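# Overview (structure and organization)
The residues making up each chain are set out below.
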Amino acid sequence: MDFIVSGKKACFLDRDGVINEEVNYLFEPEKVAIIPGVTEALKMLKRHGYLTVVVTNQAGVARGYYEEKDIHAVHARIEELLDEHEAGIDAFYYCPHHPEFSDECECRKPNAGMLLKAAEQFDIDMSESFLVGDRISDIYAARNAGCAEAYLVRTGHGANEIENKDVSDIEIADNLLHAVQTFIK
Ligand SMILES: [Mg+2]
Ligand SMILES: [Zn+2]
């Protein structure tokens, strides 16, 4: 009997504080700095057959700090820096909204909208997929989407979140590479 192949597995990645160093409201491509270990983590994900999908809240658009074209420029820079190491990102999703400055939306994390959209577009099996983020809202987005696991990293805002919020039921990892190594084993 044949096995029924039901969807691809994915690693959902928050962007700021997970892939690139946290800079408040990053919109200048020249300020993109990749966090140590990220290239190795992305290569490991590829080797093990995971799609790499960025899901990032970019409320700076709703707030009027920058435009959507600036987000695209930052993503192009991230890809440029990562491709030098043959460790690209399969897809970028962003939420430009903020409830106080624009309409309510389904995509702003902790809502699951971006993950569910990616799942539909790439035929992703959530039960085989996981997320890595530096905010508790990232973790809840993964839970709302039905991901198998979600890791809160100490990079970016993570250290502050871990120190000041209740993280007793959340898996903690030092950084993206550590999270990937823990999930894939
Ligand atoms: Mg972040
Ligand atoms: Zn949104």
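Below, the structure is looked at part by part.

Conventions adopted
- Residues numbered from 1 in each chain as written.
- Chains lettered and ligands numbered in written order.
- Predicted model: local features only at pLDDT ≥ 70, side-chain atom pairs only at ≥ 80, totals over all residues.
- Heavy atoms only, no water.
- Helix = DSSP H or I, 4+ residues; strand = E, 2+ residues; numbered from the N terminus.
- Buried < 20%, exposed > 50% of the residue type's maximum accessible area, 1.4 Å probe, protein only.
- Contact = heavy atoms within 4.5 Å.
- Pairing = 2+ DSSP bridges.
- Axes fitted to C-alpha atoms, helices over the stretch in contact; angles between N-to-C directions.
- Donors = N, O, S within 2.8 Å, 3.2 Å for Na, K, Ca; no water.
- Right-handed = clockwise from strand over helix to strand, strands pointing away.
- Phe/Tyr/Trp six-rings, centres within 6.5 Å; stacked < 30°, edge-to-face > 60°.
- Lys NZ or Arg CZ within 6 Å of the ring centre and 35° of its normal.

## Things to note about unusual backbone geometry
Residues K109 and P110 are joined by a peptide bond in cis, for which omega reads 20°. Tracing the chain through its elements places P110 in the loop between β3 (91-95) and α3 (113-122). The phi dihedral of D123 falls on the positive side, at around 55°, and the residue is not glycine. Within the chain, K185 stands out as a residue other than glycine whose phi angle is a positive 55°. Its relative accessible area of 77% is what places K185 among the exposed residues.

## A closer look at helix α4 (residues 136-145)
Buried residues of α4: I136, D138, I139, A141, A142 and A145, and no others. Lining the buried residues of α4 we find α3, β4 (130-133), β5 (149-153) and α5 (158-164). G146 sits one or two positions beyond α4 and adopts a positive phi of about 85°.

## With respect to the sheet that holds strand β6 (residues 171-173)
Spatial ordering of the open sheet is given by β3-β2-β1-β4-β5-β6, a layout of 6 strands whose pairing is parallel. The two strands at the open ends of the sheet, each matched to only one other strand, are β3 and β6. Along the sheet, successive strands turn relative to each other by an average axial angle of 25°, direction set aside. Two elements, β4 and β5, share 4 bridges in a ladder whose sense is parallel. Across the sheet, L131 pairs through a bridge with A150, a residue of β5.

## A short note on the coordination of the magnesium ion (ligand 1)
Around the magnesium ion (ligand 1), the donor atoms from the protein are D14 (OD), D16 (O) and D134 (OD), and they sit 2.1 to 2.2 Å away. Every donor residue of the magnesium ion (ligand 1) comes from the same chain, spaced as D-x1-D-x117-D. Remark: D134 occurs in the loop between β4 and α4 and D14 occurs in the loop between β1 (10-13) and α1 (38-47); sequence separation between them is 120 residues. By relative accessible area, D14 is classed as buried at 6%.

## Notes on the pairing of strand β2 (residues 51-57)
When you tally the buried positions in β2, you get 6 out of 7 residues, the bulk of the element. Note: β1 against β2, 4 bridges, orientation parallel. Note that in β2 the partner of A10 across the bridge is L51. Following the backbone out of β1, through α1 and into the adjacent parallel β2, one traces a crossover that is right-handed. Bridge count for β2 against β3 is 5 bridges, and the pairing is parallel. Bridging from a neighbouring strand, T56 pairs with Y94 of β3. Once you follow β2 into helix α2 (residues 68-83) and on to β3, the crossover reads as right-handed.

## Side note on the packing of aromatic side chains
By the definition in use, this model includes 7 aromatic pairs. The interplanar angle of 20° and the centroid separation of 5.7 Å between the aromatic rings of F27 and Y66 together place this pair among those described as stacked. Of this pair, F27 sits in the loop between β1 and α1 while Y66 is found in the loop between β2 and α2, placing the two residues 39 residues apart along the sequence. Its relative accessible area of 29% is what places F27 among the partly exposed residues. Judged by its relative accessible area of 5%, Y66 falls in the buried class. An aromatic cluster is defined as three or more aromatic residues linked by ring pairs; in this entry it consists of Y50, F130, Y151 and F183. In this arrangement the basic side chain of R143 is found over the ring face of Y140, its NZ or CZ atom lying 5.2 Å from the centre.

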